[in-house]
Amino acid sequence: MFAMLMANLFLLPVFMQEILGFNATQSGLNLMPRTLVMMAVVPIVGKLYNVVAPRILVGIGVLAFAVGAYQMSHFTLETGTPQILASLIWQGLGFGLIFVPLTTVALSNTERSKLTDATGLNSLFRQIGGSVGLAIFATLLGRSATQARASIAAHLGVTNSMALIRLQQSEQGLIRRGLDAATAHAAAPMALAGQVARQAMVLSFEKMFLLAGICFLAILPLLIFLKADRAAESGSSRPDLHLE
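Residues numbered from 1 in each chain as written. Predicted model: local features only at pLDDT ≥ 70, side-chain atom pairs only at ≥ 80, totals over all residues. Heavy atoms only, no water.

**Some words on the packing of helix H4 (residues 81–108) against helix H5 (residues 115–153)**
Thought 1: The interhelical angle for the contact between H4 and H5, taken along N-to-C directions, is 135°, at an axis separation of 10 Å. Relative to H5, the element H4 lies oblique. Where H4 crosses over H5, the two elements pack in a sense that is right-handed. Within the contact between the two elements, H4 uses Phe-99, Thr-103, Ala-106 and Leu-107 and H5 uses Leu-115, Ala-118, Thr-119, Asn-122 and Arg-126.
Thought 2: Of the residues contributing to the contact of H4 with H5, the split by class is five nonpolar, three polar and one charged. (Axes fitted to C-alpha atoms, helices over the stretch in contact; angles between N-to-C directions. Helix = DSSP H or I, 4+ residues; strand = E, 2+ residues; numbered from the N terminus. Parallel < 35°, antiparallel > 145°, perpendicular 65-115°, else oblique. Left-handed = near helix turned anticlockwise from the far one by under 90°. Contact = heavy atoms within 4.5 Å. Nonpolar A, V, L, I, M, F, W, Y, C, P; charged D, E, K, R; others polar.)

**Topic: the packing of helix H2 (residues 24–48) against H4**
Thought 1: Where H2 contacts H4, the axes come no closer than 7 Å and their chain directions differ by 30°. Our pair here, H2 against H4, has a crossing hand that is right-handed.
Thought 2: Its residues placed into classes, the contact of H2 with H4 shows 17 nonpolar, six polar and one charged.

**Topic: the packing of aromatic side chains**
Thought 1: Enumeration over the complete set of coordinates arrives at nine aromatic pairs.
Thought 2: Pairwise contacts between aromatic rings join Phe-2, Phe-65, Phe-95, Phe-99 and Phe-216 into one cluster. (Phe/Tyr/Trp six-rings, centres within 6.5 Å; stacked < 30°, edge-to-face > 60°.)

Below, the structure is given as structure tokens:
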């Protein structure tokens, strides 16, 4: 689960800065709604945990994350802040519903004397999962972009009228910017190659966002193993009394 979570946290800022042209400040401001939604949801989830089964809360969180990932898989070069905001709201809701129940269930049956060690071990597994997710999705992102670029380039032969029209448009645009005809004619194919590479990266990001959502949905069957011992939780919240 944290492999997909961290991969998603990594992919979106890169997409905004490398593809949409946002600067670091703009990316941070666009990511802020996810945190704000989590801040609003976490206290509510903490109260719901006492009356709703953890597997239900986590299941709803997984579905919310998948909805956000599906919306991200439709991002294009024309995507703006409203589209990003909508997907982040879903993800903020999903994160809030997932973190609280999982952490509580993981530590609820741990003895107080071992609680510090258990918390550290729990964080360790999260970090390992996140690191693995980053490595896998970063590798897949590059490979997918290469495949997409090759697929697009296969349709840009001299027999493709649309490709020739786009090449002519690029050449005319360079001439209007002040280049001479010969230089513009030589630079037009490179400009078109840059457009192809950029579109290939968009397709690769879309594929990674969709893959993260699908992999997240695959976690749902594992929720049958997520059980909370209410008696143990209520008992661990009270100090032990020893009568002498």
